[in-house]
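If you want the building blocks of each chain, they are given just below.
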Amino acid sequence: MSNIVLGNIIAFIASIIMVCSGLIKGKKRMLFTQTIQIGLSVLSNIILGGITGAIINALGVIRNILCYKNKLDLKAKIILIFFSVSLSLMFNNLGIIGLFPVISIVSCILFMNTKNIIKYKLLIMFTMIMWCIYDAYIKSYTSAAFDFMTIISNMISIIQIKYVRKGMSRK
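Each chain has its residues counted from 1, following the order in which its sequence is written. Under the rules for a predicted model, residues below a pLDDT of 70 receive no local features and side-chain atom pairs below 80 are neither given nor counted, while totals for whole chains, interfaces and linings still include all residues. Excluding hydrogens and water, the side-chain figures rest on all heavy atoms present in the structure.

Attention now moves to the packing of helix α4 (residues 74-91) against helix α5 (residues 100-111). An axis is simply a line fitted to the C-alpha atoms; with a helix, the fit covers only the stretch in contact. Between two such axes, the angle follows the N-to-C directions and lies from 0 to 180 degrees. A helix here means a DSSP run of H or I that spans at least four residues, while a strand means a run of E at least two residues long, and both kinds are numbered starting from the N terminus. With their axes 10 Å apart at the nearest point, α4 and α5 run at an angle of 180° to one another. Taken together, α4 and α5 sit at an angle that is classed as roughly antiparallel. Taken together, the residues of α5 that come into contact with α4 (itself represented by K77, L80, I81, S84, V85 and S88) are V102, I105, V106, I109 and L110. Broken down by class, the residue content of the contact of α4 with α5 amounts to eight nonpolar, two polar and one charged. Roughly parallel means an angle under 35 degrees; roughly antiparallel, over 145; roughly perpendicular, 65 to 115; everything else is oblique. In this description, contact between two residues means that some pair of their heavy atoms is separated by no more than 4.5 Å. Each residue is assigned to one of three groups, with Ala, Val, Leu, Ile, Met, Phe, Trp, Tyr, Cys and Pro labelled nonpolar, Asp, Glu, Lys and Arg labelled charged, and all others, Gly among them, labelled polar.

The next point concerns the environment of F91. With respect to the helices, strands and loops of the structure, F91 is situated in helix α4. Burial classes follow relative accessibility: with a 1.4 Å probe on protein chains only, a residue under 20% of its type's maximum area counts as buried, one over 50% as exposed, and anything between as partly exposed. Residue F91 is classed as partly exposed on the basis of its relative accessible area, which comes to 43%. Once residues within four sequence positions are removed from consideration, F91 is found in contact with I51, T52 and I55.

Under the convention used throughout, the expected extent of a helix is 1.5 Å for every residue step, that is, one less than its residue count. A rise of 1.5 Å per residue sets the reference length of helix α1 (residues 3-22), with its 20 residues, at 28 Å; its end C-alpha atoms lie 28 Å apart and thus fit the reference within 8%. Within α1, the full set of buried residues consists of G7, N8, I10, A11, A14, S15, M18, V19, S21 and G22.

In this section: unusual backbone geometry. Positive phi values are uncommon outside glycine, yet N70 reaches one of about 55°. Relative to the assigned elements, N70 resides in the loop between α3 (51-68) and α4. With a phi close to 70°, K139 is a non-glycine residue in the positive phi region. Counting through the fold element by element, K139 comes out in the loop between α6 (117-137) and α7 (141-170).

A few words on the side chain of T35. Looking at the element boundaries, T35 is found in helix α2 (residues 27-48). A relative accessible area of 17% means that T35 is categorised as buried. Distance and chemistry together define a polar contact, namely a pair of N or O atoms within 3.5 Å, with one atom able to donate a hydrogen and the other to accept it when in protein, and with adjacent residues in sequence counting only for side-chain atoms on both sides. In terms of polar contacts, T35 uses its side chain to reach the backbone carbonyl oxygen of L31, at 2.8 Å. Other than its neighbours up to four places away in sequence, T35 contacts V61, N64 and I65.

Once that is clear, we can look at empty space enclosed by the protein. The pocket and cavity definitions rest on a 1 Å grid over protein atoms only: a 1.4 Å probe that fits but cannot leave marks a cavity, an open set with protein on both sides within 12 Å along at least five of seven lines marks a pocket, and residues lining either have an atom within 4 Å of a point. Grid points are joined across faces, edges and corners, and a volume is the space filled by probe spheres set on the points. Within the structure shown, the criterion is met by one cavity of 30 Å³ or more. Volume-wise, the largest cavity comes out at about 340 Å³. Forming the boundary of the largest cavity are 30 residues, of which Q37, I38, N57, M128 and W131 lie nearest the centre. Elements supplying a minimum of two residues to the lining of the largest cavity: α1, α2, α3, α5, α6 and α7. Take the lining of the largest cavity: its biggest share by element is seven residues, from α2. In terms of residue class, the lining of the largest cavity is made up of 13 nonpolar, 14 polar and three charged.

Next up on the list: α5. A rise of 1.5 Å per residue sets the reference length of α5, with its twelve residues, at 16 Å; its end C-alpha atoms lie 17 Å apart and thus fit the reference within 8%. Counting buried residues in α5 gives nine out of twelve residues, a clear majority hidden from the surface. Here α5 has its buried residues at F100, P101, V102, S104, I105, V106, S107, C108 and I109. Contacts from the buried residues of α5 go to α3, α4 and α6.

See below:
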């Protein structure tokens, strides 16, 4: 089985989990589900030759665990950003495109402590744009398609949340 096929099969499984996480309204459940998805993405990126994506995803697992346990403080953020940037610059094999996962994780690290679920979902949408471009470049076609679907699912969820809030304010 070719690396592209195997990498895309694993990416497909991870992507199904990612899209489903966009429909989850609770932040802790969403973080837990995303952590499983990110772990599978590490494997897919390694198989497809996306070294910076694998590094960033591995650090993303650590980031999500820290956030889940409310331990993503300033010190942890600085350490994660340092390792994300330095390891990615050291092992980047894809030029500028290889930096897109770095932009994604730095954004996530800086802003994922938000308590506002809508702002959190907007953050997820931004990071998925970065990943969509990166995934298409490394031929992780299933990931790129699902990155796009995750953007859509988070948009739907935001609309649903705003609709419920708007309905509640009328009562």
